[in-house]
Amino acid sequence: MAQPLNIAILGAECTGKSSLVTALQTHWQTRGAIVHVVPEVLRQWCDQQGRTPLAQEQRAIAQAQADLAEQAEGGGFLIADTSPLMTAIYSDVLFQDPSLYPFALNHHRIYHHTLVTGLDLPWQADGIQRDGAVMRERIDARLRDVLRHEGTGFSMVYGLGAQRLAGALAVLEPGASTLPQARSSWRWLCDKCSDADCEHRLFSDLQAAATR
């Protein structure tokens, strides 16, 4: 089992972030580890307010997300169901406000690993937080651009259920992985295009090759 880590699960809407958080939590808790899960503040905020936040309300949400993670640090695994960086991304794309980036990127230094959930899951309407498949692609592209520009290492995670968990564990528990070269510095990035379907096919080919 991996040593305790701080892990940020990032991604656009409807990409399975919360499901992956739950799967990782269960995986480590069944092995006796202490796991702290940081919930998504935005979801709680929208449930309470019955609407999505305005531009001027984004900073407080980002701060609350950071506070929860920093309060939970220490003594076990920490899995954050998003981070202030996603709030900064949405503020930038939706409101043309890039002012949250310095704060969000500074906070992001507490994480040992950043996992980005891929776009291979079908988009589904689910309450007031969902902005649509086109916006999902824009958010995904902007997130990757920011992470690359800042030199923040990240790993893409694809698949359904156990397959997606296995992809995450290939990064977080590299010694136990069956993926080729899924070792300490393994990162999955497609440098040839930004097509999620293409990326997913190549990733699936790697998994298939590893099981032969």
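Everything quoted here is computed from the prediction, not taken from an experiment.

Student: Go over the packing of aromatic side chains, please, and point to the residues and values.
Tutor: Each aromatic ring pair is summarised here by two numbers: the centre-to-centre distance and the angle between the ring planes. Across all of its chains, the model carries one aromatic pair by this definition. Here the aromatic rings of Trp28 and Phe77 are separated by 4.0 Å at their centres, their planes lie at 5°, and the arrangement is stacked. With Trp28 in helix H1 (residues 17-29) and Phe77 in strand S3 (residues 77-81), this pair connects stretches of sequence that are 49 residues apart. Residue Trp28 shares its accessibility class with Phe77, and that shared class is buried.

Student: Lay out H1 with the relevant residues and their values.
Tutor: For H1, which comprises 13 residues, the first-to-last C-alpha distance of 18 Å matches the rise-based estimate of 18 Å (1.5 Å per residue) to within 8%. Contact partners of the buried residues in H1: strand S1 (6-10), strand S2 (35-38), S3, strand S4 (113-117), strand S5 (155-157) and helix H7 (162-172).

Student: Help me get a handle on the packing of helix H2 (residues 41-49) against helix H3 (residues 58-72), residues and values and all.
Tutor: Look at H2 against H3: their axes get within 9 Å of each other, and the N-to-C directions meet at 125°. By the angle class used here, H2 and H3 are oblique. Along the contact surface, H2 presents Val41, Leu42 and Trp45, while H3 presents Ile61, Ala64, Gln65 and Leu68.

Student: I'd love a proper account of the pattern of salt bridges, names of residues and values included.
Tutor: Here the idea is simple: oppositely charged side chains can pair when their charged atoms come close. The full count for this structure, using the stated rule, is five salt bridges. Measuring nitrogen to oxygen at the nearest pair gives 3.7 Å for the salt bridge that ties Glu40 to Arg43. Residue Asp140 is joined to Arg144 by a salt bridge in which the shortest nitrogen-to-oxygen separation is 3.0 Å. Here Arg144 and Asp140 lie together in helix H6 (residues 133-150), a separation of four residues that amounts to about one turn.

Student: Which residues make up the packing of H1 against H7, and what values go with them?
Tutor: Interaxial distance between H1 and H7 falls to 10 Å at its minimum, and their mutual angle equals 65°. As for how H1 packs across H7, the hand of that crossing is right-handed. Contacts between H1 and H7 involve Leu20, Ala23, Leu24, His27 and Trp28 from the former and Arg164, Leu165, Ala168, Leu169 and Leu172 from the latter. A class-by-class count of the residues in the contact of H1 with H7 yields eight nonpolar, one polar and one charged.

Student: Can you lay out the nonpolar core for me, pointing to particular residues and giving the numbers?
Tutor: In terms of nonpolar packing, the biggest core is built from 30 residues, with Leu85, Ile89, Tyr101, Tyr111, Ile139 and Leu143 touching the most fellow members. Every element with two or more residues in this core is listed here: S1, H3, S3, helix H4 (84-95), helix H5 (101-107) and H6. Considering every element that reaches this core, the biggest residue donor is H4, with six residues. Other than its neighbours up to four places away in sequence, Leu143 contacts Leu10, Gly11, Leu85, Met86, Ile89 and Val116. The next biggest cluster of nonpolar side chains, apart from the first, holds 18 residues, and it includes Leu5, Ile7, Val35 and Leu165.

Rules used in this analysis
Residues numbered from 1 in each chain as written. Predicted model: local features only at pLDDT ≥ 70, side-chain atom pairs only at ≥ 80, totals over all residues. Heavy atoms only, no water. Phe/Tyr/Trp six-rings, centres within 6.5 Å; stacked < 30°, edge-to-face > 60°. Helix = DSSP H or I, 4+ residues; strand = E, 2+ residues; numbered from the N terminus. Buried < 20%, exposed > 50% of the residue type's maximum accessible area, 1.4 Å probe, protein only. Expected span 1.5 Å × (residues − 1). Contact = heavy atoms within 4.5 Å. Axes fitted to C-alpha atoms, helices over the stretch in contact; angles between N-to-C directions. Parallel < 35°, antiparallel > 145°, perpendicular 65-115°, else oblique. Salt bridge = Lys/Arg side-chain N within 4 Å of Asp/Glu carboxyl O. Left-handed = near helix turned anticlockwise from the far one by under 90°. Nonpolar A, V, L, I, M, F, W, Y, C, P; charged D, E, K, R; others polar. Core = buried A, V, L, I, M, F, W, Y, C linked by side-chain atoms within 4.5 Å.

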